[in-house]
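# Observations on the model geometry
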There are 2 protein chains.
Amino acid sequence: MPVVTITDVASRVGVSVATISRFLSGGNVREEKKIRSVIQELNYRPNIAARNLKSGRSATVAIIVPDISNPFFAALVRGAEKASGDSLMAAIVNTDSNSEREINALANLYGRVDGAIFVPTKESDHKNGLSHFGRPIVFVDRYLQKEKKYDTVLADNARGAELAVEHFASEGHTKIAIISGPLDSTPGRQREEGFRKALDNSKIGANPNYVIVSDFTQAGGYAAMNQLLDLAEPPTAVFSSNNLMTYGALNALKDRGVRVPSDISFIGFDDFELSTLISPKITVINRDAEAQGAEAMRALMWRLENMDSKISKHSVIPVNLIKRESVTIPRTWDLQNSHKVKERQSQTSDHSNNKEKVNE
Amino acid sequence: MPVVTITDVASRVGVSVATISRFLSGGNVREEKKIRSVIQELNYRPNIAARNLKSGRSATVAIIVPDISNPFFAALVRGAEKASGDSLMAAIVNTDSNSEREINALANLYGRVDGAIFVPTKESDHKNGLSHFGRPIVFVDRYLQKEKKYDTVLADNARGAELAVEHFASEGHTKIAIISGPLDSTPGRQREEGFRKALDNSKIGANPNYVIVSDFTQAGGYAAMNQLLDLAEPPTAVFSSNNLMTYGALNALKDRGVRVPSDISFIGFDDFELSTLISPKITVINRDAEAQGAEAMRALMWRLENMDSKISKHSVIPVNLIKRESVTIPRTWDLQNSHKVKERQSQTSDHSNNKEKVNE
DNA sequence: TTGTAGGCGTTATCAA
DNA sequence: TTGATAACGCCTACAA
């Protein structure tokens, strides 16, 4: 595999390397046609490393996410990649939600990428490490509370939680619970805050027993839902703060034979592929994950062209409620209207997957 | 942001750059302690591009997949990344199952990566392009029929399809259909072949009407299932050749009110996150996607250390059948045994409490 | 429009 | 053990 360089092309064409280089960067040259054919013939490709060395750029950006197999992050990455076009290469790095791996990744990436799209696991880490990175970073879905100078692309997390609570309330629920993500992560904290705020606004108020702080994992959602069901007075409505916990929570519900929505109403944050295939179809707070990724990439690309700009940009991705079938009037309300209970029971009696019901 | 180079460190310590370089690569130097502290003090980091230029290596490999938001590929990437450790950076490239983008990606990657893990969309493309790449490529899940020299890591696709057919047959099905992937993709072709072979072996034989060649997408699976249901004599059992088509097929079934498994039995290739949350739980052919990715990365890393080895390595990832609830005795068979129909009907009114069984 | 030559930061060779 | 120096392949003043 003989390595063919710009020099080979030049000597073959009979011009200097400068001419070839000029041609390569779109300048005007006389022998354009011949150069083109020789490049073809020799199958010349510019050496990127050499180009990088000169330019001080790598034309590569990193996308650092906690877990690529989480559908949300997969969609995010996809959107970011699409937005980058062919001008930039994206190196995806998985951190497994591990702060240590995050720090290593950053160190490892130094000098190899022009910038990064970064979804940190916690808000608290990276107090100093980031300045060493010395390159633009766009924070997505999370940010560092102390650092205002970085560009961010966040979802309207608080609003999402509010929408969920408002929807529950409008159906008559007052025993509303949240399976929250970690409070030291931006979405975890903001969604929990939005949840509380909406509850306060609606005069219902938050019941501490109905706030379970979990960890954004499926196992965490499973445990949290069981914890709620074990309460002497379980909630009639549950808001799950992300998709993986939704999976877990729904599994817990299924395992315990608790029916949705007749026994418990449910809303999850972030839509997921099979949300319409399961019974009942799950009502969710949704946002456009691909759009969020694309926006982040655009922000980063803009920043790369405007490194000296002092203004930081903060985008907010809107959320919306997708009403499906997992929310209905609360069970307690039914009990006060016994004629309706019978009606409902005879309807659901052929659903067949009922086991023991949760006592209230 | 002053860029500090090896020269700065050298002059500060009072030695030559050669000494610093030697230190950096683990050689013995007298001023080791002082060098270490100066590097710390100046916050020196080697310039990767320069190092690459010299060494001709980038310590980066590409992972080229059709769609990162497909759970299978997400898991594959995850596995590959884990296996790479910190020694290699992985650049993930999405091709959107687009051959043109694939070719561009390869061209774009030239010189920036030391090698690639490649999941091509079709078997037929890249007849020549690959040699231009000039770097080791490990083919995963797909390969090029004409090219035996590349390492491959494939799943035991044919066996998977056979397992599905055998399971259907053992329950008494004879009207067995396949929603196949494209026949110019390795898994599409191999699974279709395994399907036919198993049907031949079991003396049932393949019915051309029961072979729908689709495209591995959700929409494709949806259309294909509808096509099967529109037949004068629909199949009693359907095998879907990948997860996305399974989603689509199940949606079609749901939309048309066809019950699984009482009306139709179903097996999908590749397990998916929510396979146990939907009713009925879906029986699938499974393989370890992360293990497959890890194996591919190991193969690539081995190859990078053994560039001159002429032997190509071909690994096969085993598959297994996970029995859940989507397969039962065929409906037609029931009809010929009317006394059993009633029995079955009362049974299925109480479905969904079976436990999951994994054979092997 | 073209060519010459210096330099990007690092590593490797070869003397010392 | 060390240091001077020549690459690595490309780009870009600057001069022609």
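Residues numbered from 1 in each chain as written. Chains lettered and ligands numbered in written order. Predicted model: local features only at pLDDT ≥ 70, side-chain atom pairs only at ≥ 80, totals over all residues. Heavy atoms only, no water.

Close to DNA strand D lie 22 residues; Ile6, Tyr44 and Arg51 of chain A together with Thr19 and Arg30 of chain B are nearest. Sugar and phosphate atoms represent 62% of those atoms of DNA strand D found within 4 Å of the protein. Within the side chain of Ser21 of chain A, an N or O atom sits 3.3 Å from a phosphate oxygen of DNA strand D. Those elements that provide at least two residues to the surface near DNA strand D are helix H2 (17–24) and helix H4 (48–55) of chain A together with helix H2 (17–24) and helix H4 (48–55) of chain B. (Near = heavy atom within 4 Å. Polar contact = N/O pair within 3.5 Å; in protein donor to acceptor, adjacent residues only side chain to side chain. Helix = DSSP H or I, 4+ residues; strand = E, 2+ residues; numbered from the N terminus.)

Turning our attention to the domain arrangement of chain A. When the parts of a complex come together, some accessible area is lost, and that lost area is often taken as the interface size. Residue and element names in this part refer to chain A. If you check the domain split of chain A, you get domain 1 (6–46), domain 2 (60–156 + 290–319) and domain 3 (157–286 + 321–335). Using C-alpha coordinates to define each centre, domain 2 is positioned 29 Å away from domain 3. Contact with domain 2, which involves 15 residues of that partner, is made by 20 residues of domain 3. Both faces combined, the contact of domain 2 with domain 3 buries some 1300 Å², and carbon together with sulfur accounts for 46% of it. The largest per-residue losses of area from domain 2 upon contact with domain 3 belong to Glu123, Asp156 and Val319, which jointly make up 38% of the total buried on that side. (Domains from an automatic or database assignment. Contact = heavy atoms within 4.5 Å. Buried area = accessible area lost by both parts, 1.4 Å probe.)

Here we come to the interface of chain B and chain A. Of the residues lining the interface, 57 residues belong to chain B; the matching set on chain A comes to 54 residues. For the chain B and chain A pair, buried surface summed over both sides reaches about 4900 Å², with 56% attributable to carbon and sulfur atoms. Contact with chain A buries area across many residues of chain B, yet Met89, Arg112 and Leu277 of chain B alone supply 14% of it, more than any other trio. Inspection of the chain B/chain A interface yields four salt bridges. The residue Arg78 of chain A makes a salt bridge to Asp67 of chain B at a minimum N-O spacing of 3.0 Å. The interface formed by chain B and chain A includes 16 residue pairs in polar contact (both at pLDDT 80 or more). (Salt bridge = Lys/Arg side-chain N within 4 Å of Asp/Glu carboxyl O.)

Residue and element names in this part refer to chain B. Two elements in contact, helix H5 (residues 71–84) and helix H12 (residues 289–305), have axes separated by 6 Å at closest approach and are oriented at 45°. If you check the angle between H5 and H12, you find them oblique. In the packing of H5 onto H12, the handedness of the crossing is right-handed. On H12, the residues that touch Phe72, Ala75, Leu76, Arg78, Gly79, Ala80, Lys82, Ala83 and Ser84 of H5 are Ala289, Glu290, Gln292, Gly293, Ala294, Met297 and Met301. Residue composition of the contact of H5 with H12, by class: nine nonpolar, four polar and three charged. (Axes fitted to C-alpha atoms, helices over the stretch in contact; angles between N-to-C directions. Parallel < 35°, antiparallel > 145°, perpendicular 65-115°, else oblique. Left-handed = near helix turned anticlockwise from the far one by under 90°. Nonpolar A, V, L, I, M, F, W, Y, C, P; charged D, E, K, R; others polar.)

The next thing to look at is the protein's contact with DNA strand C. As a structural note, the neighbourhood of DNA strand C is formed by 21 residues, with Thr19 and Arg30 of chain A together with Ile6, Tyr44 and Arg51 of chain B the closest of them. The share of sugar and phosphate among atoms of DNA strand C within 4 Å of the protein is 58%. In this structure, a phosphate oxygen belonging to DNA strand C sits 3.0 Å away from a side-chain N or O atom of Ser21 of chain B. A distance of 2.8 Å separates a phosphate oxygen of DNA strand C from a polar side-chain atom of Arg51 of chain B. Elements with a minimum of two residues in the surface near DNA strand C: H2 and H4 of chain A together with H2 and H4 of chain B. Residue composition of the surface near DNA strand C, grouped by class: nine nonpolar, six polar and six charged.

So, on to H2 of chain A. Residues and elements named next belong to chain A. Along H2, the residues that are buried comprise Thr19, Ile20 and Phe23. Looking straight down H2, one finds that the buried residues subtend no more than 100° of arc, so they occupy a single side. Where H2 is buried, its residues contact helix H1 (6–13) and helix H3 (32–42). Backbone geometry just downstream of H2 places Gly26 in the positive-phi region, at approximately 85°. (Buried < 20%, exposed > 50% of the residue type's maximum accessible area, 1.4 Å probe, protein only. Arc of directions from axis to C-beta.)

Right, let's talk about the sheet that holds strand E9 (residues 265–269) of chain A for a bit. All names here are of chain A. With mixed pairing, six strands are arranged side by side in an open sheet as E7-E6-E8-E9-E10-E12. In this open sheet, the two strands that pair with only one neighbour each are strand E7 (211–213) and strand E12 (320–322). The sheet shows a mean angle of 15° between the axes of neighbouring strands, taken without regard to direction. Pairing of E9 with strand E10 (residues 283–286), which is carried by three bridges, proceeds in the parallel orientation. (Pairing = 2+ DSSP bridges.)

Another aspect to go through is the relation of the copies chain B and chain A. Each of the two copies of the chain can be brought onto the other by a rotation about an axis and a shift along it. Placing chain B over chain A gives an RMSD of 0.4 Å and needs a rotation angle of 180°, together with 0.3 Å of translation along the axis. Considering both components of the superposition, the chain copies are consistent with a two-fold axis. Ranked by how close their C-alpha atoms come to the rotation axis, the residues of chain B are headed by Ala91 of chain B, at 1.9 Å. Taken together, the interface assignments show that 93% of the residues at the interface of chain B recur at the interface of chain A, consistent with an identical surface on both copies. (Least-squares fit on C-alpha atoms with pLDDT ≥ 70 in both.)

Below, the discussion takes up the packing of aromatic side chains. A complete count under the given rule lists nine aromatic pairs over all chains for this structure. Ring plane angle 65° and centroid distance 5.2 Å describe the contact between Phe139 of chain B and Tyr150 of chain B, whose orientation is recorded as edge-to-face. Taken together, the residues span a long stretch of sequence, with Phe139 of chain B in strand E4 (residues 137–140) and Tyr150 of chain B in the loop between E4 and strand E5 (151–155) at a distance of eleven residues. By relative accessible area, which is 1% here, Phe139 of chain B ends up buried. Among the residues examined, Tyr150 of chain B registers a relative accessible area of 9% and is labelled buried. Ring centres 5.2 Å apart and planes at 75° place the aromatic pair Tyr247 of chain B and Phe272 of chain B in the edge-to-face group. Here the residue Tyr247 of chain B occupies a position in helix H11 (residues 243–255), and Phe272 of chain B occupies one in the loop between strand E9 (265–269) and strand E10 (283–286), the gap between them amounting to 25 residues. An identical accessibility class is assigned to Tyr247 of chain B and Phe272 of chain B; each is buried. Aromatic rings pair up to connect Phe118, Phe139 and Tyr150 of chain A into one cluster. Directly above the aromatic system of Phe269 of chain A lies the positively charged group of Arg191 of chain A, at a separation of 3.6 Å from the ring centroid. (Phe/Tyr/Trp six-rings, centres within 6.5 Å; stacked < 30°, edge-to-face > 60°. Lys NZ or Arg CZ within 6 Å of the ring centre and 35° of its normal.)

The next subject is unusual backbone geometry. The residue after Val260 of chain B, namely Pro261 of chain B, is reached through a cis peptide bond having omega 0°. Position of Pro261 of chain B among the secondary structure elements: in the loop between H11 and E9. Residue Pro280 of chain B follows Ser279 of chain B across a cis peptide bond; omega there is -10°. With respect to the secondary-structure elements, Pro280 of chain B resides in the loop between E9 and E10. For Phe216 of chain A, which is not glycine, the phi torsion reads 70° and is therefore positive. With respect to the helices and strands, the residue Phe216 of chain A is situated in the loop between E7 and helix H10 (218–229). Even without being glycine, Asp96 of chain B reaches a positive phi, approximately 55°. Along the chain, Asp96 of chain B falls in the loop between strand E2 (89–94) and helix H6 (99–109).

The next subject is the environment of Arg135 of chain A. All names here are of chain A. Residue placement: Arg135 occurs in the loop between helix H7 (129–133) and strand E4 (137–140). Taking the C-alpha atoms as reference points, Arg135 and His173, 38 residues apart in sequence, are found 48 Å from one another. Once residues lying within four places of it in the same chain are set aside, the contact partners of Arg135 are Gly56, Val113, Asp114, Gly115 and Met307. A distance of 3.5 Å separates the side chain of Arg135 from the backbone oxygen of Gly56, its partner in a polar contact.

Residue and element names in this part refer to chain B. Here we have six strands laid out as an open sheet, ordered E2-E1-E3-E4-E5-E11, and parallel in their pairing. Only two strands of the sheet have a single partner each, and these edge strands are E2 and strand E11 (314–317). Direction aside, neighbouring strands of the sheet carry axes that sit 15° apart on average. Where E4 meets E5, three bridges bridge the pair, whose relative direction is parallel. By the bridge assignment, Val138 is partnered in E5 with Asp151. In this fold H5 packs onto strand E1 (60–65), E2, strand E3 (115–118) and E4, with an angle of close to 165° to the strand it touches most, E1. Strands in contact with H12 are E1, E3, E4, E5 and E11; relative to E5, the strand with the most contacts, it is inclined by about 170°.

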